[in-house]
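Summary of the model geometry
The chain contents come next:
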Amino acid sequence: MANRRPSVLDSPVPGTLGNRRPSVLDSPGSRRQSVISSRRPSIDPSRLVPMDKTSALSGTDHFNVLFVGAGNIMFGSDEGPWNHSFRFEHKLGPRLKVVALIDPAIDRATSVLQKKCETFVRSAYENTRVFRTLEDFVKNMSRKDTPRAVIVGSPPMFRGTLQTGRDIELQILRYFPGVAMFIEKPAATGPSSEIEEAFQIAKHISDSGTICSVGYMLRYLKAVQMMKQIIHENNLTVMATVARYACAYEAIAKPDWWDKSKSAGPVIEQGTHFCDLSRYFGGDVDMTTVSAHSLEWDENAGHLSKMVVDESAIPAENRIPRVTAATWKYESGAVGSFTHLVALQGHDYSCELEVYADGYQLKLVNPYVQPVLYIRRPGNDHEETHRFPDDDPFFSEISVLIDNIEDIEEDPETSTILSSFEDACKTYQLTWAIREATERNRKYKKDNTIPE
Ligand SMILES: NC(=O)c1ccc[n+]([C@@H]2O[C@H](COP(=O)([O-])OP(=O)(O)OC[C@H]3O[C@@H](n4cnc5c(N)ncnc54)[C@H](O)[C@@H]3O)[C@@H](O)[C@H]2O)c1
């Protein structure tokens, strides 16, 4: 190991808590020190076990959880496999008590709870109270309702800033100091001028030693952890990441998704998963090197025949690009490239990530549906194929979070949280840099086109 080059595996994910987690018994000062750590930000793939092959957390005391947002990510939909409440039920079993559900859409919140109460998980939800805001809950809660984890699945336009009403992370830190949080991706979706505010929140979170996990669940795929393991065990230095994310646009029926003023565009809202995964392998990006081009809705090749939303209702300047292609340099010198496409019909997405190192190609295919990892090793043209049936990264990310909260005994075997708020801010920054690079190039072309 003496002469090996440093790899991204050498440092913990900034802002996660290295090789021990804080307990509510710690003082803020001692927690801060725990950030300094030697634990690798990866997990032995054999420790990632699907829900049906694991038993609920042991113990008998109630585990109070507070949910913010009663939408698809929390309670599921036909659009995909996400459904956090379902994973919490399996991880915590009868210990789960959802103390409150915060959502300004009271009817939606009441209705999802009603459905839960009609099933065998009733005991987790029969005393759940619904509030429009976190503040309303705090005013009305009793001490026994204090949550051990706050799970935030509200839209990103309502979070990730220091501004009143869009500062849920700071509210949680203020009302529930020391309580763990889980925040969905992306960190925010305000204007790029607000990115700095997201980084300030990251600092508040890490300074307070709060356990915080961000919903970049693809990091928890067994295939991804096997890629990490190969890189680590062979002391590899990543040379390049090549990512492609082609969504099935016919299946996307949310008008806001097609409106840049609402969702910030498909790279920031959706492609963010692959920008994040690229960074997970390539490390920090030199933001000054990001360059990108887009195919826009008003170009001939950008015409889509099977959109299910009425795009004419969206102001022209807010319509989203059909293709975004970006390249950048990592601070390590490696090169990253990413193409996002709004081009496919049907239901399933087509997504691939290739990671290259001397003699190695690690190719992750179809991570959302049925992950397959193709590996080419040094001195060989043969491609190994590894399949991962029943892998559930949504469960793994929740499972790791809960293990970290429960782990006040500092069990060195507990898996690490793989995505910190600060790290998620860096992904957010990269996706904004890509969007702004496309807009600069588009403006340049417009300004330099001589009218016929
Ligand atoms: N990791 C993934 O694969 C994945 C998948 C789906 C969604 N997500 C993320 O989850 C988040 C939510 O997406 P969704 O699909 O559930 O959206 P959704 O529109 O289905 O639900 C959002 C809910 O939040 C509520 N809400 C609005 N403002 C709120 C506020 N200030 N406080 C609390 N609740 C508020 C809305 O009334 C709605 O019920 C987004 O950040 C999205 O990117 C991630």
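Heads up: the structure comes first, above all this text.
The structure reproduced in this document is the subject of the present report. (Residues numbered from 1 in each chain as written. Predicted model: local features only at pLDDT ≥ 70, side-chain atom pairs only at ≥ 80, totals over all residues.)

As a further point, take the overall build of the protein. Within the protein one finds 13 helices and 14 strands. Along the first, second and third principal axes, the C-alpha set of the protein runs to 70 × 60 × 40 Å. Counting all 452 residues of the protein, 44% fall into the buried class. Expressed as a percentage of contacts within the protein between residues at least 6 apart in sequence, the contacts between residues at least 24 apart total 78%. (Helix = DSSP H or I, 4+ residues; strand = E, 2+ residues; numbered from the N terminus. Buried ≥ 20, exposed ≤ 12 C-beta atoms within 10 Å, placed from the backbone. Contact = placed C-beta atoms within 7 Å.)

To describe two helices that pack against each other, one gives the angle between their axes and the distance between the axes. Packing of helix α11 (residues 266-282) against helix α13 (residues 421-447) leaves a shortest axis separation of 9 Å and a crossing angle of 120°. Taken together, the axes of α11 and α13 are oblique relative to one another. Handedness of the crossing formed by α11 with α13: right-handed. On the side of α11, the interface is formed by V267, I268, G271, T272, C275, D276 and R279, while α13 contributes K426, T427, L430, T431, W432, I434 and R435. When grouped by side-chain class, the residues that make up the contact of α11 with α13 number six nonpolar, four polar and four charged. (Axes fitted to C-alpha atoms, helices over the stretch in contact; angles between N-to-C directions. Parallel < 35°, antiparallel > 145°, perpendicular 65-115°, else oblique. Left-handed = near helix turned anticlockwise from the far one by under 90°. Nonpolar A, V, L, I, M, F, W, Y, C, P; charged D, E, K, R; others polar.)

Turning our eyes to something else, we now look at the site of the ligand. Taken together, the neighbourhood of the ligand is formed by 21 residues, with G71, N72, I73, A105 and S154 sitting nearest. Tallied by class, the residues present in the shell around the ligand amount to 11 nonpolar, six polar and four charged. (Near = placed C-beta within 6 Å.)

Right, let's get into the pairing of strand β4 (residues 149-152). Alternating positions in β4 separate into two faces, A149 and I151 on one and V150 and V152 on the other, with burial throughout. Bridging between strand β1 (residues 63-68) and β4 involves four bridges; their strand directions are parallel. Opposite F67, over in β4, you have I151 as the bridge partner. One ladder, built from four bridges, connects β4 with strand β5 (residues 180-183); its direction is parallel. Bridged to V152 within β5 is I183. For the crossover that starts at β4, traverses helix α7 (residues 168-175) and ends in the parallel β5, the hand is right-handed. (Pairing = 2+ DSSP bridges. Right-handed = clockwise from strand over helix to strand, strands pointing away.)

Let us look at the sheet that holds strand β12 (residues 360-365). In any sheet, the strands associate via hydrogen bonds between backbone groups, in a parallel or an antiparallel arrangement. The strand order across the open sheet built from eight strands is β8-β9-β10-β7-β11-β12-β13-β14, with neighbouring strands paired in mixed fashion. The strands lining the two open edges of the sheet, one partner per strand, are β8 (291-295) and β14 (383-387). Strand-to-strand twist in this sheet, taken as the mean axis angle between neighbours without regard to direction, amounts to 10°. Pairing geometry for β8 and strand β9 (residues 323-329), over five bridges, is antiparallel. Bridged to L295 within β9 is V323. Of the strands in this sheet, β7 (238-248), β11 (350-357), β12, β13 (372-376) and β14 touch helix α9 (residues 222-233), which is tilted by about 170° from β12.

Purely geometric numbers; function is a separate question.
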